[in-house]
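Inside the fold
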Amino acid sequence: MEASKSSYFSGNRQTFAVAPQVWGLKTIFVNLFFIAEPDGTWVLVDAGVPGCTHKIKKAAEELFGEGARPKAIVLTHGHFDHIGGVKELADEWDVPVYAHPLELPYLTGRSSYPPPDSSVGGGGMAYMAFAYPKKPINITNHVELLSPDGAVPGLTGWHWIHTPGHTPGHVSLFREEDRVLIVGDAFTTRDAESAIAVMTEKREVHGPPAYFTPDWAAAHRSVDALASLNPEIAASGHGMPMRGEELSRGLENLVKNFWVIAVPTKGRYVHEPAVADERGVISVPPQVGSSVPKLMAIAGALTLAGFAYSAINRRSKQNSHLKQDRPLPHNRVASGLPPTVDPDYDDPTAHTNNYP
Ligand SMILES: [Zn+2]
Ligand SMILES: [Zn+2]
């Protein structure tokens, strides 16, 4: 049976109940989760948007009492809207932060995520995506690797599942006993691209937020893997929890029609993924323009400029190492080490300038 929206909210608390011993907290447009053990210890999953530390601590105290402190923080992934409070909280609580090895470059200042694709999605959230911070944070002092056996530190009865696609080291958490799934952003329960859906909280199973998803084939496999767990309750990073029939029907539809309903019709990563490994991003596909005539005009101007340039510099060009022969239809391999960013130097363009 479908639970009404109001039944999700627990009294006067800011949190909403997801399942026994599991609560969610919404920070602006992103959820984070508190998961407790029978002995009263608990773990924080994700850390909200920047500036929400006080709200998280207050919610924790409402749930677990004054001065409450978790055993650990587990990150589904390192996007800015899921790690906003992580540094401050990990410092203050002095707890480890667990993440998948493939997510580590983005949590230790080593690599930026692939540039977001604001040409996809079509909604206000996607168009605003260019303004979101993409720079990696550096929590080297706190970060620990999730163990390959699937155990979730501090939580018995739960295991993590690698669900890449939205990010390389994205994980979801599953409690076998009552089939409760903390999804992260592997799929969402509302249209993450629509600013209206953000406000109205309409519940519906959707794909991962398109503007930050650089590997759609992997994202599809991940949704398939999560659907095959047959979750009874799913709580995503974006949207309200869904359960039962409504959830299983929505998931089945998403798996079956993923390339129609989740994958954008055009965009930077639609035909080729960004490639990453444990060092960070290795290559990204070329950027796609928003309109063909505009692109052609730019290409034409570049061609003319290229002719003029080569006529003037024909001889000196032979000795140069200009990258003019880069094969356009293929991923552009970053030369040398993956792009790195000094996390203490706040240059808002640094993260995207690392890419061709
Ligand atoms: Zn995300
Ligand atoms: Zn998110």
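What this report covers is the structure whose coordinates are included nearby. (Residues numbered from 1 in each chain as written. Chains lettered and ligands numbered in written order. Predicted model: local features only at pLDDT ≥ 70, side-chain atom pairs only at ≥ 80, totals over all residues.)

**Digging into the environment of Arg69**
Along the chain, the position of Arg69 falls in the loop between helix H1 (53-64) and strand S5 (72-74). Accessibility expressed as a C-beta count within 10 Å gives 16 for Arg69, which makes it partly exposed. Sequence separation between Arg69 and Val95 is 26 residues, and the spatial gap between their C-alpha atoms is 8.5 Å. (Helix = DSSP H or I, 4+ residues; strand = E, 2+ residues; numbered from the N terminus. Buried ≥ 20, exposed ≤ 12 C-beta atoms within 10 Å, placed from the backbone.)

**Concerning the environment of Asp117**
By the secondary structure assignment, Asp117 is in the loop between strand S6 (97-99) and helix H3 (124-127). Sequence spacing of Asp117 and Gln287 is 170 residues, and the spatial spacing of their C-alpha atoms is 8.4 Å. Excluding its chain neighbours within four sequence positions, the residues that come into contact with Asp117 are Tyr211, Gly267, Arg268 and Tyr269. (Contact = placed C-beta atoms within 7 Å.)

**Here we look at the sheet that holds strand S2 (residues 22-27)**
Each strand in a sheet pairs with another by means of backbone hydrogen bonds, the pair being arranged parallel or else antiparallel. Strand order across the open sheet formed by 7 strands is S1-S2-S3-S4-S5-S6-S7, with mixed pairing between neighbours. Looking at which strands have only one partner, the edges of the open sheet turn out to be strand S1 (16-19) and strand S7 (143-145). Neighbour-to-neighbour, the strand axes of this sheet turn through a mean angle of 30°, independent of strand direction. Here 2 bridges tie S5 to S6, and the two strands are oriented parallel to one another. Bridging across to S6, Ile73 finds its partner in Val97. Against the sheet, H1 touches S2, strand S3 (30-36) and strand S4 (42-45), its axis set at about 155° to S2. (Pairing = 2+ DSSP bridges. Axes fitted to C-alpha atoms, helices over the stretch in contact; angles between N-to-C directions.)

**Some points on the pairing of strand S9 (residues 155-162)**
By the bridge criterion, 2 bridges tie strand S8 (residues 151-152) to S9 in an arrangement that is antiparallel. Looking at S9, one finds that Val152 is bridged to Leu155. Between the antiparallel neighbours S8 and S9 lie 2 residues, among them Gly154 with a positive phi of about 85°. Direction of pairing for S9 relative to strand S10 (residues 171-175): antiparallel, over a ladder of 5 bridges. Counterpart to Ile161 in the pairing with S10 is Ser172.

**Structural notes on the nonpolar core**
In a soluble, globular protein the nonpolar side chains are often hidden away together inside. Among the nonpolar cores identified, the biggest contains 69 residues, and Phe33, Val45, Ile73, Val86 and Val97 are the most heavily contacted of them. The greatest single-element share of this core, amounting to 5 residues, is contributed by helix H5 (residues 216-227). When residues no more than four places from it in sequence are discounted, the contact partners of Val86 are Ala47, Ile73, Leu75, Val97 and Ile139. (Core = buried A, V, L, I, M, F, W, Y, C linked by C-beta atoms within 7 Å.)

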